[in-house]
Amino acid sequence: MSDQQLVTNRERKNLFTNIFSLGTIHFLNYFLSLITIPYLVRVLGPENYGLTAFAASFTMIFYLITNYGFNFSSTRNISKARNNTAKVNEIFSSVLIIKFFLSILCFLLLLIIISFSEKFKENYIIYYLSFGTVIGHALNPIWFFQGIERMKYITVLELTAKLIFASSIFIFIKNSDDFYLVPLFTSLGYIVSGIMGLLLAIYKFKARLFVVDLKSIFFYLKDGWNLFISSVFSSSYTNLIPFILGLITNNFIVGLFTPILKIMQAIRGLLNPISQALFPLMSKKFDENIKGSIGFLNKTSMVLMPLFFLLCLAIFLASDVVIQVFLGPQFLDSKPILQILSFVPLLGILSNIYGIQFMVNSGYDKQFSKFVVFSSLMALIFCIPLTFAYSSIGSALSIVIGELLLMLLVLHFLIRETKV
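For clarity, every value in this text was computed on a predicted model and none was experimentally measured.

Q: Let's hear about the overall build of the protein chain: which residues, and what values?
A: Scanning the protein chain from terminus to terminus reveals 19 helices and 0 strands. Put simply, the protein chain has 420 residues, and 54% of those count as buried. If you sum the accessible surface of the protein chain, you get close to 18400 Å²; carbon and sulfur atoms cover 69% of it.

Spelled out as C-alpha cells, the structure:
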C-alpha cells in the first residue's frame, strides 16, 4: 500500500474536519488572547500580571501530573479499541479514577508547599484559586473525544472555558487590585468546561463510569508512564523556566517575560490542531503500513516547514510591531526575548511529526521519552546560570537549547532507524 492509498477519502475528510474543529479552538484562543492579554497587562501592570503568571506556571506542574500523558496514551488506546464498548468503558473509568486520586495528591502537595514556604504563603489565595484549572482539566475527557475522533466537541468545551474567562475579565477586572480574579475566572471556565465534557461523554456517547479493579489501574499507569515522563518534561521546562526566572529575579521581570513566551506558544499552537487530529489516525495506520505512514508524515512536514519558516521570520523581523500590538510600548524592552524565541515553533514541527506521530505511534515511546527528558533537563541546567548571568534573555536562550536538542535527537533516531 503506497502512502497515497494509506488514507482513504473518508478518513481524509474526517481528518480535515477534525483539523478544522481544533483549528477553530486555536483561532478563538488567539483572538481572545489578542484582546485579553493587552488589557490585563495594562490594567494589572507587569508586577501583578507577573504574579498571576508565576502562579499559573507553578500550577501547570500539577496539571501535568494529573494529566499523566493520557492525552496521548489514552487517545491511542481508545482509538484502537473504539469498536469494543467494554474496553472503551474500562479505559474511560480507569483514567478518570487515576486523575481523581492524582488531583487529591497534588492538592495535598500544594497545602504542604504553602504551609512551609513564605513566598507562597504571602499570596496563598492566588495559588488556591489557580488550582481550579487542575480540577477542570482532570474532569474533562478530551482524550476520549480525540480517541473517537469527535474533535468538534473539544471545540465547544474549550470555547466555553475561554468565553467565560474572557467575558469575566472585561466585566469584573477594573484595576490592579483585581489581580486575584484572573485565576478565579480561569479556573471557573475550565471547571464548567470539564463538567460539560464529562456529561457529554456519558450521556451522548454512552461512556460508562464504574469501579475498576487495581489490575486495570496499574496497567494504565504503567502504559502511560513513558508518555507521562515525556509530557511532564516537555511541557514543564517551558513552564518551570518562568518559575525559575521568578525565583532568581522578581515578579516584574516575569511579567515582562511571560507575555512574550505566551505569544510564541500561541504561534506554536498553530500546529496543535494538525497534530491532535493526526495522532489517532496515525495510531491506526502505523499498525497497517509503517513505510506508507512515514511517507505520509514526510509529505506533511514538507508542507508545514516552509509555512512556519515564513511565519517565524516575519515575527523576527516585525518584533517591534508584534509587541506594540499585543502588549504595548512598555514591553519594548522585551524585543530581544521575542527575537530569540521567534524560531522555536519551527524547531517544534519536526520534533512533533517525527517524535510524537512517528516514534510514539510506532512503539518507540520509551526512546522518545528519554529524548524529551534529556533535552528538558539540559534546558533547565542551562537555565540557572544563564538566568543569573543574563536574566530573562538567559531564560529564553535555555528554551531554544532544549528545543534544538530534542529536534536533533529525534532526527538522528529517524535517520538511523528508517534510513531516510
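Back to the write-up after that little detour.
Q: Outline the environment of L313, supporting the account with residue identities and numerical values.
A: Note that L313 resides in helix 14 (residues 290–317). You can call L313 partly exposed: its relative accessible area is 31%. Here the alpha-carbon distance between L313 and L346, two residues 33 residues apart in the chain, equals 9.9 Å.

Q: Describe in detail the pattern of salt bridges, supporting the description with residues and values.
A: One pass over the structure, following the stated rule, counts 4 salt bridges. Across the pair D223 and R76 runs a salt bridge whose closest N-O atoms are separated by 3.7 Å. Residue D223 is located in helix 11 (residues 214–248), and its partner R76 is located in helix 3 (residues 70–81); the two are separated by 147 residues in the primary sequence. For R76, a relative accessible area of 10% gives the class buried. Of the charged contacts, one joins K335 and D320 as a salt bridge, the two residues approaching to 3.3 Å between their closest N and O atoms. Of this pair, K335 sits in helix 16 (residues 335–341) while D320 sits in helix 15 (residues 319–326), and the two are 15 residues apart along the sequence. Its relative accessible area of 36% is what places D320 among the partly exposed residues.

Q: Now, about the packing of aromatic side chains: what can you tell me, with residues and values included?
A: Scanning the entire structure with this criterion turns up 24 aromatic pairs. Relative to F120, the ring of F58 has its centre 4.7 Å away and its plane inclined at 40°; by these criteria the two rings are tilted. In this pair, F58 is assigned in helix 2 (residues 9–67) and F120 in helix 5 (residues 118–122), connecting sequence segments 62 residues apart. Assessed through its relative accessible area of 6%, F58 is described here as buried. Classification of F120 as buried rests on a relative accessible area of 6%. Taken together, F54, F58, F62, F107, F120, Y124, Y127, Y128 and F131 form an aromatic cluster joined through their ring pairs. A cation over a ring is seen here: K204 above F205, with NZ or CZ 6.0 Å from the ring centre.

Q: Tell me about the side chain of T59, and name the residues and values.
A: The topology assignment puts T59 in helix 2. The class for T59 is buried, based on a relative accessible area of 4%. When near neighbours in sequence (up to four residues on either side) are disregarded, T59 contacts S130, F131, T133 and V134.

Q: Explain the packing of helix 17 (residues 344–360) against helix 18 (residues 365–390) to me, using residue names and the numbers behind them.
A: Two numbers describe how helix 17 lies on helix 18: the axes approach to 8 Å, and their chain directions differ by 145°. As helix 17 packs across helix 18, the resulting crossing turns out to be left-handed. The residues of helix 18 that touch helix 17, namely those facing S351, G355, I356, M359 and V360, are D365, Q367, F368 and F371. Its residues placed into classes, the contact of helix 17 with helix 18 shows 5 nonpolar, 3 polar and 1 charged.

Q: Account for unusual backbone geometry, with residues named and values stated.
A: The backbone of K206 sits at a positive phi, close to 60°, despite the residue not being glycine. Looking at the element boundaries, K206 is found in the loop between helix 10 (181–204) and helix 11. Of note in the backbone geometry, S391 takes a positive phi value of approximately 55° without being a glycine. Assignment of secondary structure puts S391 in the loop between helix 18 and helix 19 (392–418).

Q: Describe the nonpolar core, listing the residues and the values that go with them.
A: Counting residues in hydrophobic clusters, the biggest one holds 83 residues, and the most contacted among them are Y127, F144, F145 and L341. Ranked by residue count, the leading element in this core is helix 2, at 12 residues. Not counting the four nearest positions on each side in its chain, Y127 is found in contact with L51, F54, A55, F58, L110, I114, K119 and F120. Formed by 31 residues, the second largest nonpolar core is a distinct cluster that contains L227, F279, I349 and M359.

Q: Go over the side chain of Q357 with me, naming the residues and quoting the values.
A: Within the secondary structure layout, Q357 lies in helix 17. With a relative accessible area of 1%, Q357 lands in the buried category. Beyond its immediate chain neighbours, meaning those up to four positions away, Q357 contacts S275, L278, F279, M282, F286, L297 and N352.

Q: Describe the packing of helix 17 against helix 19, listing the residues and the values that go with them.
A: The geometry of helix 17 relative to helix 19 is characterised by a closest axis approach of 9 Å and an angle of 40° between their N-to-C directions. Here helix 17 is positioned oblique relative to helix 19, judged by the angle of their axes. In terms of crossing hand, the pair formed by helix 17 and helix 19 is left-handed. Contacts between helix 17 and helix 19 pair V344, L347, G348, L350, S351, Y354, G355, F358 and M359 from the former with I399, V400, E403, L404, L406, M407, V410, L411, F413, L414 and T418 from the latter. Broken down by class, the residue content of the contact of helix 17 with helix 19 amounts to 15 nonpolar, 4 polar and 1 charged.

Q: An account of the environment of M359 is requested, with residue identities and associated values reported.
A: Positionally, M359 belongs in helix 17. Through-space distance from the C-alpha of M359 to that of S369 is 9.7 Å; in sequence the pair is 10 residues apart. Setting aside residues no more than four positions away along its own chain, M359 makes contact with Y354, Y364, D365, Q367, F368, F371, V410 and F413.

Q: Please give an account of helix 15 that cites residues and values.
A: Three or more residues of helix 15 are buried, namely S319, V322 and I323. In an axial view of helix 15, the angular spread of the buried residues amounts to 95°, which keeps them on one side of the axis. Facing away from the buried surface of helix 15 by more than 90 degrees, the exposed residues are V321 and V325. With its phi angle positive at about 100°, G328 sits one or two positions after the end of helix 15.

Calculation criteria
Counting from 1, residues in each chain are numbered in the order their sequence is written. This being a predicted model, a pLDDT of at least 70 is required before a residue's local features are given, and a value of 80 or more before pairs of side-chain atoms are given or counted; all residues contribute to the totals for chains, interfaces and linings. Each side-chain value is derived from all of the structure's non-hydrogen atoms; neither hydrogens nor water enter the calculation. Helix and strand labels come from DSSP, where a helix needs a run of H or I of at least four residues and a strand needs a run of E of at least two; each type is numbered from the N terminus. Note on exposure labels: buried denotes an accessible area under 20% of the residue type's maximum, exposed denotes more than 50%, and partly exposed covers the range between, all computed with a 1.4 Å probe on protein chains only. Accessible surface area values rest on a Shrake-Rupley calculation with a 1.4 Å probe, where residue burial reflects the displayed protein chains alone. Should a side-chain nitrogen of Lys or Arg be within 4 Å of a carboxyl oxygen of Asp or Glu, the pair is scored as a salt bridge. For this analysis, a ring pair means two rings from Phe, Tyr or Trp (six-membered ring only for Trp) whose centres lie within 6.5 Å, classed as stacked if their planes differ by under 30 degrees, edge-to-face if by over 60, and tilted for the remaining angles. For a ring to carry a charge above it, either NZ of a lysine or CZ of an arginine must fall within 6 Å of the ring centroid while also lying within 35 degrees of the normal to the ring plane. Here, residues are in contact when the closest pair of their heavy atoms is within 4.5 Å. Axis definition: a line fitted to C-alpha atoms, limited for helices to the stretch in contact. Angles are taken between N-to-C directions and run from 0 to 180 degrees. In this scheme, a crossing is called left-handed if the near helix is turned counterclockwise away from the far one by less than a right angle; it is called right-handed if the turn is clockwise. Three classes are used: nonpolar for Ala, Val, Leu, Ile, Met, Phe, Trp, Tyr, Cys and Pro, charged for Asp, Glu, Lys and Arg, and polar for all others, with Gly counted as polar. What is meant by a nonpolar core is a set of buried Ala, Val, Leu, Ile, Met, Phe, Trp, Tyr and Cys residues, joined one to another through side-chain atoms within 4.5 Å. The cut-offs work like this: below 35 degrees is roughly parallel, past 145 is roughly antiparallel, 65 to 115 is roughly perpendicular, and the gaps in between are oblique. Working definition: the arc comes from the directions between the helix axis and the C-beta atoms, pointing outward to the latter.

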